[in-house]
Amino acid sequence: MRDFAYQRAHDVSAAVALLGADPEARYLGGGTNLVDLMKTGVERPARLVDVRELPLDGIESTDDGGLRVGATVTNSDLAAHPEVRRRYPALAQAVLAGASGQLRNMATVGGNLLQRTRCAYFTDLSKPCNKRTPGAGCSAVEGEHHNHAILGATEHCVATHPSDMAVPLAAFDAVVTYETAHGTGQLPLAEFYLPVGDTPHLETALPAGALITGVLLPPAPAAARSRYRKVRERASYAFAVGSLAAALDVRDGVVREARLAFGAVASRPWRAREAERLLTGGPADAEAFAAAADAELAAARPLPHNAYKVTLTRNLVVALLTELTEEATR
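Reading the values: the criteria
Residues numbered from 1 in each chain as written. Predicted model: local features only at pLDDT ≥ 70, side-chain atom pairs only at ≥ 80, totals over all residues. Heavy atoms only, no water. Pairing = 2+ DSSP bridges. Helix = DSSP H or I, 4+ residues; strand = E, 2+ residues; numbered from the N terminus. Polar contact = N/O pair within 3.5 Å; in protein donor to acceptor, adjacent residues only side chain to side chain. Contact = heavy atoms within 4.5 Å. Core = buried A, V, L, I, M, F, W, Y, C linked by side-chain atoms within 4.5 Å. Buried < 20%, exposed > 50% of the residue type's maximum accessible area, 1.4 Å probe, protein only. Arc of directions from axis to C-beta. Axes fitted to C-alpha atoms, helices over the stretch in contact; angles between N-to-C directions.

Our next topic: the pairing of strand β3 (residues 47-50). Examined bridge by bridge, strand β1 (residues 5-8) and β3 share 4 bridges and lie parallel to one another. When the bridges of β3 are listed, A5 appears paired with R47. Pairing analysis gives 4 bridges linking strand β2 (residues 25-28) to β3, with the strands arranged parallel. Along β3, the bridge assignment pairs R26 with L48.

Spelled out as structure tokens, the structure:
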């Protein structure tokens, strides 16, 4: 590991200034991903700016009925908060599915959004990886890729985004707030993560040196009837091979509103807009759910060893929407 300096920031402007003064610095929240990458040599910051003591650890209601979540809120506190559990249950479920209790106690909301892919080629310095070294090539295309992307990938990168938390945030139209030396800004989560294209090393639209200060969850009545489902290769703590955040408003057998986002199938949480469009105003039954899933997954371009994710995701949609429909009619 490279030698590095360490400084603790006590206010947001000071943290932004510290990072702006050193282009090789990184913000440190819980460190549950960054420190691991430093140990393997993928990340080699010259300075860590600790932001854990910034006044960004609150969760509060907004005037319009949404929630404001601070960037340094821990995953454990987020999942346990009564208003998160009541208004956005899929978010609480996703966080609890995302890691062990020890990691949730350390990991922060801001850090979770910025975590890097767990592709084995990304963390292995002996293997080519465009995300780590632009222009080097993508080892996964011809290598081990059973848990890689089926949507939105290119020949330059087929890695998936590992966050569980970001999947319901995508479904609920969350907005990321940040601060730079030039002032504050906001990015809808739909614009926060960049498409792969031919620049997979550019992962977010955050301005250089920006510090995430929080996440805004707009009011979403349908989100109160939401659920998160995760499929993994073992029952204990593991990253998803497929996941789904879903909210459904059903009245008299008709879908009034649907919100769907897929996880572990793309380089970012995949908002299933086409499926939502087809579901809205249609019957709430398994046949319609399957047709909507098929329409969304028509864009899938699986590799030889991950085509199972198409069927898995389709089955997730049908099963979870059926459960939500049955709950709505009880």
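With that settled, the discussion passes to the side chain of S243. Counting through the fold element by element, S243 comes out in strand β10 (residues 242-251). Side-chain polar atoms of S243 contact the side chain of Y228, separated by 3.0 Å. Setting aside residues no more than four positions away along its own chain, S243 makes contact with V167, Y228, R229, K230, A261, F262, G263, A264 and L316.

Here we come to the nonpolar core. The biggest cluster of nonpolar side chains holds 55 residues, and the ones touching the most others in it are L78, L91, L113, L169 and F192. Here this core takes 6 residues from helix α5 (residues 89-98), the largest share from any one element. With residues near it in sequence (within four places) discarded, L169 still touches L91, L113, A174, L189, V215 and L217. Counting residues in each nonpolar core, the second largest holds 31 residues, with V241, A258, A272 and L297 among its members.

Our focus in this paragraph is unusual backbone geometry. Non-glycine residue D173 carries a positive phi angle of around 60 degrees. For D173, the location among the structural elements is in the loop between α9 (166-171) and β6 (175-180). A relative accessible area of 32% places D173 in the partly exposed class.

When we look at burial in helix α1 (residues 12-20), the residues that qualify are V12, A15, V16 and L19. Projected onto a plane normal to the axis of α1, the buried residues spread over an arc of 95 degrees and lie on a single side. On its buried face, α1 is in contact with β2, β3, β6 and β8 (211-217).

Read from one edge to the other, the open sheet built from 3 strands follows the order β1-β3-β2, with strand pairing classed as parallel. Of all the strands in the sheet, just β1 and β2 have a single pairing partner and so form its edges. Taken over all neighbouring pairs, the strand axes of this sheet differ in orientation by 25 degrees on average, direction set aside. Against the sheet, α1 makes contact with β1, β2 and β3, and its axis sits at roughly 150 degrees relative to β2, the strand it touches most.

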